[in-house]
Structure formats: C-alpha cells, structure tokens
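This is what each chain is made of:
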Amino acid sequence: MARQPTACLVLADGTVFYGQGFGATGEVVAELVFNTAMTGYQEIMTDPSYASQIVTFTFPHIGNTGITPEDDEAPDPVASGIVIRWDPTEPSNWRASGPLQDWMQRRGRIGIGGVDTRRLTRAIRQQGAPHVVLAHDPDGKFDLEAMIARARGWKGLVGLDLARDVSCRQSYRWEEGRWEWNAGFGAKPEGKPFKVVALDYGAKRNILRSLVSHGADVTVMPATATAEEVLAHEPEGVFLSNGPGDPAATGEYAVPMIQELLNRDLPIFGICLGHQMLALALGAKTVKMSHGHHGANHPVRDVETGKVEITSMNHGFAVDSQTLPQGVIETHVSLFDGSNCGIRVDGKPVFSVQHHPEASPGPQDSTYLFRRFVDSMGRQRS
C-alpha cells in the first residue's frame, strides 16, 4: 500500500516531486544542485559553500554512516535541505553517534526521501540549477500554487553576497590539526610555525586543520577584514577560503583588500571562492555556471605537468579563463568541461585552485598544495 506523501519538492517550472519527509518540518526556498559523492553527506551538509542551496544526492544510500560530531565542517548544517532516493539508511558505523534524520530535526534542516533522483539530476543537467521550494508536513498538506510562486519569485544566487552571512564575526586562533586514525585531531605545530591569516568567506574546518598540520599558526579573520587589520597580525602568508554566493558581490569589499595585499608580495593561497576572489583582484571575471560542479570525483588536469588529479568540488560560479590578464597563468582545468580550476601569478608566490585539496573524506590527490603554500613562506622567510 502506497504511503501518503509527507514532503514535496516544487520546481519553478511547476514540476512537483512527492516523497517522505524527514528532519525538520516547514518550508524553504533555495537553488537545487546535485552532488555525485558516495560518502561525506555530513561534511556536505555542513559546508558553508552550500548556503541557500538544497542538495540532491545521486548516491541512493544516504545515512548509512550516521552522524559523527567530529566530521562537521561548521558548527551547524548550512545547506538548506537534502533530496535522496530512499528513506535515510540506518547508521552502521562504529563512529556514529546517531542517525541522520534526528540530527537534521535538531538542526532545523528539511529532507525528502523516495524521490526519483535520476530524473531530477537529468533535469538539472539539461535545464540548469533550478529555484525550488522544499516542504515537509506530516499531514501531507501543501499549497502547491503558493510554493510555485515562491520558487519563481526567489531572486537566486546571482548578485547575492552570502560570505558575509557565514563568516565568523570576530578573529580567532585555530590550533587543531587533521584527524588521524587512532589518534584524533592533531596538535598545533611545534618550533616556529608560519604565521598565516585565513580570510573566512565560509571556511571549512578541515581546511584550517590542513593548514595547521602543514606547519601554520592560523589566525582566522572575518570576510570583511581590511588589509590594515590583516597586516596588523604580521602574517607570513594569507589564505583565502571557500564560501558561498556570487563572487562578484563578495568582491565589492574583498577585492580591494586582496589587491592591497598583492602589493606586499606576501604568499597567497586561495581555494574555491577564495580562488575566484583572487582572480577578480587580478583583473579577471567570473561567470555563473549552468549547474556547477558538486562531487568528489572530478578530474582536473595540471596544465603545467600534465598530471590528472581526482578532486572534490563545490561551486556554481567559475573564473572565466578568457579574461585572465597577462602575467596570470592558468594552472588547472576541468576535464569535464574545460573550465578554469587554478591560476598562479608569474614570478610571485600567489596561486589558487577551484577544487578542494583538503577534501574530507577524500580524495586526497591535491593535498600537496598546502605544502606548496608552506614552502613558499619558507622561501620568503629565508
């Protein structure tokens, strides 16, 4: 006997998907994207780069590893909701502290199961990331006309600065290293670590841990920090973090600050939104992608070495490689669509990538980039 739907997903074009709700009740409007990763749903839900987005998982068994507090990338989930093929799987992992659905209910996030995610993913690929409304009502009562109107009326991510919303409010020190088997999180480096200021546009915890584990003494600063405030910490290097929203909107206050830092010849390393911020500061432009890149299996080619890396990605905007100015070299490209995935400044210790080298739970092909950043600070120090 068919169960009565307790949740529905409404696209702006009027398409409706019914299913079984879990997590919090209520209604939310957001952009819908799909993610092809087979693991890491908790890290995805807590990645600040997913602000104002609902994630459709192409892998059908979500919930099988439960929830582990150590795996949160932010204090609370940031993604607005999730869409999955089956009802959440019961946890079967020795690290799990509870099931996904209970965690989502406590944290106020909506989920829907029983959806034909293959059909939904095809629609996103063919038509672009749609504006949607996701609702969960145990009684199965939905005002579809109002939901469609709300989805159509939402302005979307273009022109939206979300980094300010997810950034820290005041500076703080980060001293925790990467998690290691049978040892837990690593300690801060001994000796004389490199002083790094990390600009928080929505930084994932594992990025900060990776910096520490590679020998950095990390001070995290808000996205709106000025160059004067950054330089007051006397950094040996500056890191530009990942984050959500339209890079051009965040760039209104971030780009002038980065341009001032570029004049100081400091080593600078950017990831994701930080990559886009650096490109804008150097004179390039960014564009909104049709459906973006979201997954842990994206092949990226290092243009300078020919090496292919399997990477983790999460972005809906990209740097337009055709607008890179003279002296800014494209270092990485996506093998899916040829879009830009990395740049460096000729003759300066300044570089960035679109993908996530800190990826947790993986892949780890690109972690060498943290070593490259630390080595550039070592050369400057010597």
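Our subject in this report is the structure included herewith.

Analysis parameters
- Residues numbered from 1 in each chain as written.
- Predicted model: local features only at pLDDT ≥ 70, side-chain atom pairs only at ≥ 80, totals over all residues.
- Heavy atoms only, no water.
- Pairing = 2+ DSSP bridges.
- Helix = DSSP H or I, 4+ residues; strand = E, 2+ residues; numbered from the N terminus.
- Axes fitted to C-alpha atoms, helices over the stretch in contact; angles between N-to-C directions.
- Contact = heavy atoms within 4.5 Å.
- 1 Å grid on protein atoms, 1.4 Å probe; cavity = no way out; pocket = protein on both sides within 12 Å on 5 of 7 lines; lining within 4 Å.
- Points joined across faces, edges and corners; volume = space filled by probe spheres on them.
- Nonpolar A, V, L, I, M, F, W, Y, C, P; charged D, E, K, R; others polar.
- Buried < 20%, exposed > 50% of the residue type's maximum accessible area, 1.4 Å probe, protein only.
- Polar contact = N/O pair within 3.5 Å; in protein donor to acceptor, adjacent residues only side chain to side chain.
- Patch = residues over 30% accessible without salt bridge, like charges linked within 9 Å, V, L, I, M, F, W, Y side chains within 5 Å.
- Areas by Shrake-Rupley, 256 points an atom, 1.4 Å probe, with all protein chains shown as cover.
- Salt bridge = Lys/Arg side-chain N within 4 Å of Asp/Glu carboxyl O.

1. Side note on the pairing of strand 15 (residues 286-302)
If a strand is regular, its side chains alternate between the two faces of the sheet.
So, point 1. Looking at chain direction, strand 15 and strand 16 (residues 308-319) are connected through ten bridges and run antiparallel. Within the sheet, the bridge partner assigned to His 294 lies in strand 16 and is Asn 314.
So, point 2. Linking strand 15 to strand 16, which pair antiparallel, is a turn of five residues; within it Gly 306 sits at a positive phi near 85°.
So, point 3. Here strand 15 pairs with strand 17 (residues 328-334) via three bridges, running antiparallel.

2. Observations concerning the sheet that holds strand 16
To summarise the sheet geometry, strands pair through backbone hydrogen bonds and adopt either a parallel or an antiparallel arrangement.
So, point 1. Ordered in space as 8-12-11-13-14-19-18-17-15-16, the ten strands form an open sheet in which the pairing is mixed. One side of each edge strand has no neighbouring strand; the edge strands of this open sheet are strand 8 (172-174) and strand 16. Strand after strand, the sheet turns through a mean of 25° between neighbouring axes, direction not considered.
So, point 2. Inspection of the sheet shows strand 14 (residues 268-271) paired to strand 19 (residues 350-353) by four bridges, in the parallel sense. Paired with Phe 269 across the two strands is Phe 351, which belongs to strand 19.
So, point 3. Lying on the sheet, helix 9 (residues 273-282) is in contact with strand 13 (237-240), strand 14, strand 15, strand 16, strand 17, strand 18 (340-345) and strand 19; it crosses strand 18 at an angle near 50°.
So, point 4. Strands in contact with helix 10 (residues 368-381) are strand 11 (194-200), strand 13, strand 14, strand 15, strand 16, strand 17 and strand 19; relative to strand 11, the strand with the most contacts, it is inclined by about 130°.

3. Focus: the layout of surface pockets
So, point 1. Roughly 470 Å³ of internal volume is contained in the largest pocket.
So, point 2. Lining the largest pocket are 25 residues, with Glu 43, Asp 71, Arg 95, Ser 360 and Pro 361 sitting closest to its centre.
So, point 3. Residue assignment for the lining of the largest pocket shows that the elements contributing at least two residues are helix 1 (41-45) and helix 6 (205-213).
So, point 4. For the lining of the largest pocket, the element with the highest residue contribution is helix 1, accounting for three residues.
So, point 5. In the lining of the largest pocket, the residues fall into seven nonpolar, eleven polar and seven charged.

4. Things to note about the sheet that holds strand 3 (residues 26-35)
So, point 1. Reading around the circumference, 1-2-6-5-4-3-7 is the order of the seven strands in this closed barrel, with mixed pairing throughout. Going across the sheet, the axis of each strand differs from the next one's by a mean of 35°, ignoring polarity.
So, point 2. The pairing of strand 4 (residues 53-57) with strand 5 (residues 81-83) spans three bridges and is classified as parallel. When the sheet's bridge partners are listed, Ile 54 is paired in strand 5 with Gly 81.

5. Looking at the side chain of Asn 340
So, point 1. Following the sequence through the fold, Asn 340 ends up in strand 18.
So, point 2. Classification of Asn 340 as buried rests on a relative accessible area of 1%.
So, point 3. Here the side chain of Asn 340 touches Gly 342 through a polar contact of 3.1 Å, landing on its backbone oxygen.
So, point 4. If we skip the residues at most four places from it in the chain, Asn 340 touches His 275, Val 319, Ser 321, Leu 324, Glu 330, His 332 and Gln 354.

6. Here's the deal with empty space enclosed by the protein
So, point 1. The tally for this structure, following the rule as stated, stands at two cavities of 30 Å³ or more.
So, point 2. Taken as a whole, the largest cavity encloses approximately 170 Å³ of empty space.
So, point 3. When contributions to the lining of the largest cavity are tallied by element, the ones reaching two or more residues are helix 1, strand 15 and strand 16.
So, point 4. The biggest single contributor to the lining of the largest cavity is strand 16, with three residues.
So, point 5. When the residues that make up the lining of the largest cavity are grouped by side-chain class, the tally is seven nonpolar, nine polar and three charged.
So, point 6. For the second largest cavity, the calculated volume is near 130 Å³.
So, point 7. Lining the second largest cavity are 15 residues, and of these Ser 49, Gly 243, Gly 245, His 315 and Gly 316 sit closest to its centre.

7. So, a nonpolar patch on the surface
So, point 1. A cluster of nonpolar side chains, Trp 94, Trp 179 and Trp 181, forms an exposed patch at the surface whose accessible area comes to about 460 Å².
So, point 2. Assignment of secondary structure puts Trp 94 in the loop between strand 5 and helix 2 (100-107).
So, point 3. Judged by relative accessible area, which is 65%, Trp 94 ranks as exposed.

8. Considerations on unusual backbone geometry
So, point 1. That bond from Ser 360 to Pro 361 is cis: its omega, 20°, falls within 30 degrees of zero.
So, point 2. Note on placement: Pro 361 falls in the loop between strand 19 and helix 10.
So, point 3. Look at the link from Gly 362 to Pro 363: it is a cis peptide, with omega at 0°.
So, point 4. Within the secondary structure layout, Pro 363 lies in the loop between strand 19 and helix 10.
So, point 5. Residues other than glycine seldom take positive phi values, yet Asn 182 does so here, at roughly 65°.
So, point 6. Residue placement: Asn 182 occurs in the loop between strand 9 (179-180) and strand 10 (184-185).
So, point 7. Its identity as a non-glycine residue notwithstanding, Asp 265 has a phi of 60°, on the positive side.
So, point 8. The exposure class assigned to Asp 265 is partly exposed, which follows from its relative accessible area of 40%.

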